[in-house]
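Analysis of the macromolecular model
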Amino acid sequence: MTKQNVLVQKPRAGPDRYICSISNKKVLKEEVDVNGAGEIIGSWVDRLRASSPTHIKSSTPSSLTNMVHLPSAMKMFNQIMDESKGKQIVMFLDYDGTLSPIVDDPDRAFISHKMRTTVKKLARCFPTAIVSGRCMDKVYSFVKLAEIYYAGSHGMDIREPAKGTKYKKGSHAGILFQPASEYLPMIDKVYNELVEKTKLTPGAKIENNKFCASVHFRSVDEKKWTELAHQVKSVLKNYPELRVTQGRKVLEIRPPINWDKGKALEFLLESLGFANCNDVFPIYMGDDRTDEDAFKVLRERGQGIGILVSKYPKETSASYSLQEPSEVMDFLQRLVHWKRVPYVGQTPM
Ligand SMILES: [Mg+2]
């Protein structure tokens, strides 16, 4: 965590140990300027189209020039485990598209019973966190596991396990960190205005993720995407300080703080006592552009690995890939098995 990140670390522990100062000059690469010119609408729509796997699949070879073909994390399993030798593995898992399949209705993105059982077993072996763009309560309502960490709203709502684990004893579940709490009323207002503004666009879905509002394009006819983007912009023109980022067929409206899944990962590592440790091996799995912030943090720290969940090549800072949630489950099950029955000569922590 550096001062360039606009975060100043105070020496004592506790939920308020980070002070956030706001700087609109510090923006994420994929942030969209809502005060920009008219072409911004086209830019939103182009980015949303590009985020669709069917569009990636139909891309011409030249458009794949910057795309990365990553080695399979399953095929490289033994090598990854060799890399982690003598280090504490810490698991970070995105939810949508990683633990659950992407579905048209975001309210029905259920995790399978088998995946839940797998994550439960995983949490017995390693400190485990779910890091999602969704609000913490929604993710918890799907996952229903009290023994893991949750970082909802892109890490803007971080909670520790409700159940004591061997990594965090006791039953003092609670908020670890909410860096954007002052923006809650504003996000709520924007959410209500977006619902009203988009109510006549068939398939448009606005999700209140507490610290951010999500506009889902997935069930909207592509011919109507520009119209929907105009509706979003007309609401946001009254909130010039808010930021807009783009995910898989979704626009996300966020508070203007320099906080993302990468910062959440660093915060959780610190909370677990691994701030300045060399003997930690974080594994982060995610499928979306917003997960790239976490992949970049791991690359910069030179610790652990990022695993992109995608069937198609993408521009990414991850090191390995898995094709889809079912393969994520296979990988996690193998990891649990490895922890319980390590290969000869290996000593998992
Ligand atoms: Mg995802």
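This write-up is about the structure you can find in this document. All figures in this text were calculated on a predicted structure; none of them were measured in a lab.

Between helix α4 (residues 113-125) and helix α10 (residues 325-340), whose axes approach to 9 Å, the crossing angle comes to 35 degrees. Considering how the two elements wind past one another, α4 and α10 form a crossing that is left-handed. Mapping the contact onto sequence places Lys-114, Met-115, Thr-118, Val-119, Lys-121, Leu-122 and Cys-125 in α4 and Pro-325, Met-329, Leu-332, Gln-333, Leu-335, Val-336 and Lys-339 in α10. Residues belonging to the contact of α4 with α10 are distributed by class as follows: nine nonpolar, two polar and three charged.

Of all seven residues in strand β12 (residues 280-286), seven are buried, a share of seventy percent or more. Side chains Val-280, Pro-282, Tyr-284 and Gly-286 of β12 all project onto a buried face; the interleaved residues Phe-281, Ile-283 and Met-285 project onto the opposite face, where all are buried too. Bridge count between strand β3 (residues 88-93) and β12: six bridges; the pairing is parallel. The residue bridging Val-90 from the neighbouring strand is Pro-282, located in β12. Examined bridge by bridge, β12 and strand β13 (residues 305-309) share four bridges and lie parallel to one another. Bridge pairing in β13 links Tyr-284 to Gly-306.

Before going further, it helps to spend a moment on the environment of Arg-248. Residue position: Arg-248 is located in the loop between β10 (243-247) and β11 (250-254). Judged by the 18 C-beta atoms lying within 10 Å of it, Arg-248 falls in the partly exposed class. C-alpha separation for the pair Arg-248 and Ser-51, spaced 197 residues apart in sequence, amounts to 5.1 Å. For Arg-248, the contacting residues outside a window of four places in its chain are Ser-51, Gly-97, Ile-102 and Asp-288.

Let us look at the sheet that holds strand β5 (residues 149-152). Strand order across the open sheet formed by eight strands is β7-β6-β5-β4-β3-β12-β13-β14, with mixed pairing between neighbours. Each end of this open sheet is capped by a strand with a single partner; those strands are β7 (175-177) and β14 (320-322). Between one strand and the next, the sheet's axes are offset by a mean angle of 25 degrees, whatever the strand orientation. Across three bridges, the pairing between β13 and β14 is parallel.

Once that is clear, we can look at the sheet that holds β10. Sheet architecture is open: four strands sit in the order β8-β9-β11-β10, paired in antiparallel fashion. Strand pairing shows two members of the sheet lacking a second neighbour, β8 (205-208) and β10, which therefore form its edges. In this sheet, neighbouring strand axes are inclined to one another by 20 degrees on average, regardless of whether the strands run parallel or antiparallel. Pairing analysis gives four bridges linking β8 to strand β9 (residues 213-216), with the strands arranged antiparallel. Bridging across to β9, Lys-205 finds its partner in His-216. Where helix α6 (residues 184-197) meets the sheet, it contacts β8, β9 and β11, and its direction lies at approximately 20 degrees from that of β9.

Thresholds applied
Throughout, residues of each chain are indexed from 1 in the direction in which the sequence is written. A pLDDT threshold of at least 70 governs which residues receive local features in this predicted model, and a stricter bar of 80 or more applies before side-chain atom pairs are shown or counted, although totals over entire chains, interfaces and linings include all residues. Throughout, an axis means a line fitted to C-alpha atoms (over the contacting stretch in the case of helices), and angles, computed between N-to-C directions, take values from 0 to 180 degrees. Put simply, DSSP H or I for four residues or longer makes a helix, DSSP E for two residues or longer makes a strand, and each gets a number counted from the N terminus. Crossings are classed by handedness, with left-handed meaning an anticlockwise turn of the near helix from the far one by less than a right angle and right-handed meaning a clockwise turn. Contact definition: two residues whose C-beta atoms, as placed from backbone geometry, lie within 7 Å. Charged residues are taken to be Asp, Glu, Lys and Arg, nonpolar residues to be Ala, Val, Leu, Ile, Met, Phe, Trp, Tyr, Cys and Pro, and polar residues to be all remaining types, Gly included. Exposure criterion: with C-beta atoms placed from backbone coordinates, a residue whose C-beta has 20 or more other C-beta atoms within 10 Å is buried, one with 12 or fewer is exposed, and one in between is partly exposed. Any two strands between which DSSP finds at least two bridges are classified as paired.

That is the geometry; function is a separate question.
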